[in-house]
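Letter by letter, the chains look like this.
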Amino acid sequence: MSALVLQGCSDIAQVVPERFVKPDNPFCLGLYQNNDWLDAAVSTESRWGLPLHIALAELNMPVGTEASAYIVPASSDWEEYRLASENWAGTVADITTALDFLGWHAQMASQRNDLNMNQAGKLYIASRIGHGGLYRLEYHPDPVLIRQADSVDQRAQQYRQDLKSCPRIRERADSFFRWPW
């Protein structure tokens, strides 16, 4: 009898729906475990059109001495975002606000600087030095910023590949029922 029970347990992965299976990919697992990141990234993608993998790639760059900041936007662009969004309480330390800013900023960069939403490195530069700085090409003399932008490009490509192995990741965002790992 116990052999039958053990056999049944070993076959449970075949019966459990795919959305309840714990992902093997560390990137996917991180998103599943950080619901606020996932929800905010999917919301940003839906609202502004900034692909999830690009928004998350921009968040992983070093942001200076303040470890609690997710982004370091140009102050003029940050103030313009706060005025446009009326998000007066929003801070760079809040993941939802940080991702919403990146989505808004990417949309503005596509309009003002003719950038494509898939140009992760240039969008990163635009968010760091501002729309005007990008327009005037102020980032060219800064090799550190160029290297960071290249890293964002590479990370975005990696995240895009990683997302292919995340079962039903977008369906999981804002889901009422979340599998508790």
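Not measured: the values here are computed from a predicted model.

Parameters and conventions
- Residues numbered from 1 in each chain as written.
- Predicted model: local features only at pLDDT ≥ 70, side-chain atom pairs only at ≥ 80, totals over all residues.
- Heavy atoms only, no water.
- Phe/Tyr/Trp six-rings, centres within 6.5 Å; stacked < 30°, edge-to-face > 60°.
- Helix = DSSP H or I, 4+ residues; strand = E, 2+ residues; numbered from the N terminus.
- Buried < 20%, exposed > 50% of the residue type's maximum accessible area, 1.4 Å probe, protein only.
- Core = buried A, V, L, I, M, F, W, Y, C linked by side-chain atoms within 4.5 Å.
- Contact = heavy atoms within 4.5 Å.
- Disulfide = S-S within 2.5 Å.
- Polar contact = N/O pair within 3.5 Å; in protein donor to acceptor, adjacent residues only side chain to side chain.
- Expected span 1.5 Å × (residues − 1).
- Arc of directions from axis to C-beta.

Visitor: For the packing of aromatic side chains, give the residues involved together with the corresponding values.
Guide: Per the counting criterion, the structure on display carries seven aromatic pairs. Look at Trp37 and Tyr70: their rings are 5.3 Å apart centre to centre, the planes differ by 85°, and that puts the pair in the edge-to-face class. Placement of the pair is Trp37 in helix 4 (residues 35–48) and Tyr70 in the loop between helix 5 (52–59) and helix 6 (75–85), with a sequence separation of 33 residues. Both rings, one in Trp78 and one in Tyr81, keep their centres 5.5 Å apart while their planes meet at 35°; by these two values the pair is tilted. Of the two residues, Trp78 and Tyr81 both sit in helix 6, three residues apart, roughly one turn of that helix. What makes Tyr81 buried here is its relative accessible area of 1%. Counting every residue linked through ring pairs, the aromatic cluster contains Trp78, Tyr81, Phe101 and Trp104.

Visitor: Summarise the nonpolar core; cite the residues concerned and give the values.
Guide: Core analysis: the largest hydrophobic core is formed by 47 residues, its most contacted members being Leu50, Leu52, Leu56, Leu59, Ile71 and Leu99. When residues of this core are traced back to their parent elements, those giving at least two are helix 3 (26–33), helix 4, helix 5, helix 6, helix 7 (95–112), helix 8 (120–135) and helix 9 (143–163). Not counting residues within four places of it along the chain, the set of residues in contact with Leu99 comprises Trp37, Ala40, Ala41, Thr44, Ala55 and Leu59.

Visitor: Can you explain unusual backbone geometry? Please cite residues and give values.
Guide: One non-glycine residue, Glu86, adopts positive backbone phi at about 55°. Assignment of secondary structure puts Glu86 in the loop between helix 6 and helix 7. Given a relative accessible area of 60%, Glu86 falls into the exposed group.

Visitor: Talk me through the state of the cysteines; I want residue IDs and the actual numbers.
Guide: Taken as a whole, this structure holds one disulfide when the rule is applied. A sulfur-sulfur separation of 1.8 Å characterises the disulfide bridge that pairs Cys28 with Cys166. Linking Cys28 and Cys166, the disulfide has an S-S dihedral of approximately -90° and is accordingly described as left-handed. Taken as a pair, Cys28 in helix 3 and Cys166 in the loop between helix 9 and helix 10 (169–172) lie far apart in primary sequence, 138 residues in all.

Visitor: Describe in detail the side chain of Asn25, supporting the description with residues and values.
Guide: Inspection of the secondary structure puts Asn25 in the loop between helix 2 (12–15) and helix 3. Only 2.7 Å separates the side chain of Asn25 from the backbone nitrogen of Phe27, close enough to count as a polar contact. One polar contact links Asn25 to Asp162, side chain to side chain, over a distance of 3.4 Å. Residues within four places of Asn25 in sequence aside, it is in contact with Asp162 and Ser165.

Visitor: Before we move on, could you go through helix 9 and cite the residues and values that matter?
Guide: Here helix 9 contains 21 residues, and its C-alpha end-to-end distance of 30 Å stays within 8% of the 30 Å for a straight helix at 1.5 Å per residue. Those residues of helix 9 lying buried are Leu145, Gln148, Ala149, Val152, Arg155, Ala156, Tyr159, Asp162 and Leu163. Angular distribution of buried residues about the axis of helix 9 spans 135°; they occupy a single face of the element. Exposed side chains of helix 9 directed beyond 90 degrees from the buried face belong to Arg147, Gln154 and Gln157. Between a side-chain oxygen at the N-terminus of helix 9 and the backbone nitrogen of Val144 the separation is 3.1 Å; the capping residue is Asp142.

Everything listed here is a matter of coordinates, which is why it stays silent on function.
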